[in-house]
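What the coordinates show
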Amino acid sequence: QVQLVESGGGLVQPGGSLRLSCAASGFTFGISNYGMWWYRQAPGKERELVAGITSTRTNYADSVKGRFTISRDNEKNTVYLQMNSLKPEDTGVYYCQAYGMGSGYWGQGTQVTVSS
């Protein structure tokens, strides 16, 4: 059974940092054939794309460029999101998605709260 489990969220002050992890399991050949994406959803707002990584490229939402870095370790079947210089508007539930080979999978999310 495919599973994505996010971790690393929490409460942080503005300007602080967090590192999110997304651990994947149940993928027959691992996550190497999947694009991996981080989304977030703030209260009362739609889910939005934050960052993505494939085998050849990364991309970021304009709002996080220069502050967030996405990376992946295919051997560990894990994707990371390093978040620096956090702002209150970065608050939300962060979700990991794996998409590839015609299928998409979501994790359950991890809460990130940026507040003083």
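Everything discussed here concerns the structure shown above.
These figures come from a predicted structure and were not determined experimentally.

One can find Arg72 in strand 7 (residues 68–73). For Arg72, which is buried and forms no salt bridge, the nearest opposite charge comes from Asp73, at a distance of 8.4 Å. Of the polar contacts made by the side chain of Arg72, one reaches the side chain of Asn74; its length is 2.9 Å. In this structure Arg72 touches Ile31, Ser32, Tyr34, Gly35, Met36, Ile53, Thr54, Ser55, Thr78 and Val79, once residues within four positions along its chain are discounted.

Bringing the sheet that holds strand 3 (residues 18–25) into the picture now. Strand order in the open sheet made by the 4 strands is 1-3-8-7, with antiparallel pairing throughout. Among the strands making up the open sheet, the edge pair consists of strand 1 (3–7) and strand 7. On average, each strand axis in the sheet is tilted by 15° relative to the strand beside it, whichever way the strands run. Strand direction decides the pairing type here: strand 3 and strand 8 (residues 78–83), joined by 6 bridges, are antiparallel. Looking at strand 8, one finds that Cys22 is bridged to Val79.

Rules behind the numbers
- Residues numbered from 1 in each chain as written.
- Predicted model: local features only at pLDDT ≥ 70, side-chain atom pairs only at ≥ 80, totals over all residues.
- Heavy atoms only, no water.
- Helix = DSSP H or I, 4+ residues; strand = E, 2+ residues; numbered from the N terminus.
- Buried < 20%, exposed > 50% of the residue type's maximum accessible area, 1.4 Å probe, protein only.
- Lys, Arg positive; Asp, Glu negative; His and termini not counted.
- Salt bridge = Lys/Arg side-chain N within 4 Å of Asp/Glu carboxyl O.
- Polar contact = N/O pair within 3.5 Å; in protein donor to acceptor, adjacent residues only side chain to side chain.
- Contact = heavy atoms within 4.5 Å.
- Pairing = 2+ DSSP bridges.
- Axes fitted to C-alpha atoms, helices over the stretch in contact; angles between N-to-C directions.

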